[in-house]
Amino acid sequence: MELPYSEPYRIKATEAIRTSTRQEREEWIRQARYNLFKLDSDKVFIDLLTDSGTGSMSDNQWAAIMTGDESYAGASSYRKLETIIRSLFGMPYFLPTHQGRAAENVIFSALLKEGDIVPGNSHFDTTKGHIEFRRCSAPDCTIDEAADTQKELPFKGEMDLEKLEQVFKSHPREKIPCTVLTITNNTAGGQPVSMRNIRQTAELCRRYNIPLLIDSARFAENAYFIKTREQGYADKSIKEIVREIYSYADIMTISAKKDGVVNMGGFTAMRDKELFTKAMSYAIMFEGYITYGGMSGRDMNALAVGLDENTEFEQLDARIRQVKLLADLLDEYGVPYQRPAGGHAIFLDAKKILPAVPREEFIAQTLGIELYIEAGIRGVEIGSILADRDPVTRENRYPALELLRLAIPRRLYTDNHIRVVAAAVRNIYERRDSITSGYEIEFEAPILRHFTVELKKVQR
Ligand SMILES: *Cc1c(COP(=O)(O)O)cnc(C)c1O
């Protein structure tokens, strides 16, 4: 008999999670005004709100925490991080920051001026925020197929080179300070980008003399997909693939809370000394002195170990398998989700799961509340509450898709937890015809309403 798969680690410390009854959860979610962000974590059984900063560190990362060097300048922890960044990404200069958006703040302060254009493949929301905050624009050049939820493509997060070249052709070179390539493409559902597309994007940028910035939150998961899906990479190690990816890049920003497997941290790195010198002043103003930026020494140590460990095939294989396990179970139960499964999350197709709920009553949010009440599972709505109101008409915007994202933290839950999630979703799907009403808004903030919105049940 062929031996079944099992994880390449065992568990040294456990953290108890509180179980609860349906009746308790009904009361708690009512008290939270039907907003999952307002629930205290001890009222959640399986928390799939995000995979950012929520992973489990390894024993070696915890050990590295004890040997962190908290010197203000020239800490050994900074040198350890520098060594792994140079060997993995080949970038000679870097600046630590407290998380990914801080890295964006530092580098875009040095790079962008009002009126600039920064094209990309579905910019992440903080990235877009930092671009638009500087009165610049962020045209989206993602391939059209990314918007088709049922289309199966191995690399569904790619840059459309024709769209990108069109942006390059229609603006003077000085107006485009860089192109942003996000791997994996978070906004398009954690979908990967092939090495071929990374190389071709870089070649196009080079032809127009525009630097390529890689937004790198899930770079290791992207490298895993290249190894397992792209011809010519099966025999290469993840580290070799990562080195090749970054040989095409001029600048990187990273939220280390994802593939760095730390709870907080990030950095920006670059090849150009002049750009580094410029960015350095902003890093010192916004984050901290250059050899710690926004991070403590112990956190830089843990990140150095995390980057090394999480660029090994076995670690990534365990993670992607777990995401795929959830997808496979949903397939078995016939529950619709955005296909194919991405690297870090499953996006449930709420319109198909709850066909009887009117869109004015927030379909994906209704599904999120049902899933919480069913089993204490917390996902996050990516639908019309998040889409907010039109800034001019103040009418609610209804996006084409109503999704409930279930993000899977790294090494935090076992496959048994995943089975509970799949079964809970199945139970809701089976009684979908009995769920005919949703929620209405009682309070909302003028911007970013999803974090603080208060809802009440629609009574019919
Ligand atoms: C998370 C993320 C960011 C922002 O990072 P934070 O650490 O949350 O500030 C930027 N880009 C992508 C692709 C991300 O996933």
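I will try to describe carefully the structure that is included in this document. (Residues numbered from 1 in each chain as written. Predicted model: local features only at pLDDT ≥ 70, side-chain atom pairs only at ≥ 80, totals over all residues. Heavy atoms only, no water.)

1. Observations regarding the nonpolar core
Of all hydrophobic cores here, the largest spans 58 residues; its most connected members are Leu81, Phe89, Ile183, Phe219, Ile245, Tyr246 and Phe267. Ignoring anything within four residues of it in the chain, the contact list for Ile183 reads Val193, Ile198, Ile214, Asp215, Ser216, Ala217, Arg218, Phe219, Asn222, Ile245 and Tyr246. Leu348, Ile353, Ala364 and Ile408 belong to the second-largest nonpolar core, a separate cluster that totals 35 residues. (Core = buried A, V, L, I, M, F, W, Y, C linked by side-chain atoms within 4.5 Å. Buried < 20%, exposed > 50% of the residue type's maximum accessible area, 1.4 Å probe, protein only. Contact = heavy atoms within 4.5 Å.)

2. Notes on the packing of aromatic side chains
Counting across every chain of the model gives 15 aromatic pairs. Here the aromatic rings of Phe94 and Phe267 are separated by 6.0 Å at their centres, their planes lie at 85 degrees, and the arrangement is edge-to-face. One end of the pair, Phe94, is in strand β2 (residues 93–97); the other, Phe267, is in strand β6 (residues 266–270), and 173 residues separate them in sequence. In this structure, Phe94 and Phe267 share a single accessibility class: buried. Judged by centre distance (5.5 Å) and plane angle (20 degrees), the ring pair of Tyr224 and Phe313 falls under stacked. In this pair, Tyr224 sits in helix α8 (residues 219–229) while Phe313 sits in helix α12 (residues 313–333), placing the two residues 89 residues apart along the sequence. The exposure class of Tyr224 is buried, given its relative accessible area of 8%. Members of the aromatic cluster, connected to one another through ring pairs, are Tyr78, Phe89, Phe94, Phe219, Tyr246 and Phe267. Directly above the aromatic system of Tyr333 lies the positively charged group of Arg426, at a separation of 4.3 Å from the ring centroid. The ring of Tyr429 carries the charged tip of Arg432 above its face, separated from the ring centre by 3.9 Å. (Phe/Tyr/Trp six-rings, centres within 6.5 Å; stacked < 30°, edge-to-face > 60°. Helix = DSSP H or I, 4+ residues; strand = E, 2+ residues; numbered from the N terminus. Lys NZ or Arg CZ within 6 Å of the ring centre and 35° of its normal.)

3. Thoughts on the site of the ligand
The immediate surroundings of the ligand are formed by 14 residues, with Gln99, Arg101, Asp215, Ser255 and Lys258 found nearest. Backbone polar atom of Gly100 to an oxygen atom of the ligand: 2.9 Å apart, as the coordinates give it. Within the side chain of Lys258, an N or O atom sits 2.9 Å from an oxygen atom of the ligand. The fraction of the free accessible surface of the ligand (380 Å²) that becomes covered by protein chains is 97%. Sort the elements by how many residues they give to the shell around the ligand and helix α4 (residues 100–111) lands first, with 3 residues. (Near = heavy atom within 4 Å. Polar contact = N/O pair within 3.5 Å; in protein donor to acceptor, adjacent residues only side chain to side chain. Areas by Shrake-Rupley, 256 points an atom, 1.4 Å probe, with all protein chains shown as cover.)

4. Concerning unusual backbone geometry
Among all residues save glycine, negative phi is the norm, and among peptide bonds the norm is trans. Put simply, Ile183 and Thr184 share a cis peptide bond, and its omega is -20 degrees. Counting through the fold element by element, Thr184 comes out in the loop between β3 (179–182) and α7 (195–207). Between Arg339 and the following residue, Pro340, the backbone shows a cis peptide bond with an omega angle of -15 degrees. Residue placement: Pro340 occurs in the loop between α12 and β7 (345–349). Even without being a glycine, Asp388 presents a positive backbone phi close to 65 degrees. One can find Asp388 in the loop between α15 (384–387) and β10 (403–407).

5. Looking at the sheet that holds β3
Spatial strand order, β2-β6-β5-β4-β3: 5 strands in an open sheet with mixed pairing. The open sheet is flanked by β2 and β3, the only strands paired with a single partner. The sheet shows a mean angle of 15 degrees between the axes of neighbouring strands, direction not considered. Summarising the sheet, strand β4 (residues 212–215) and strand β5 (residues 251–255) pair through 3 bridges and their orientation is parallel. Bridge pairing in β5 places Asp215 opposite Thr253. Along the sheet face, α4 touches β2, β3, β4, β5 and β6 and points at about 155 degrees away from the line of β5. (Pairing = 2+ DSSP bridges. Axes fitted to C-alpha atoms, helices over the stretch in contact; angles between N-to-C directions.)

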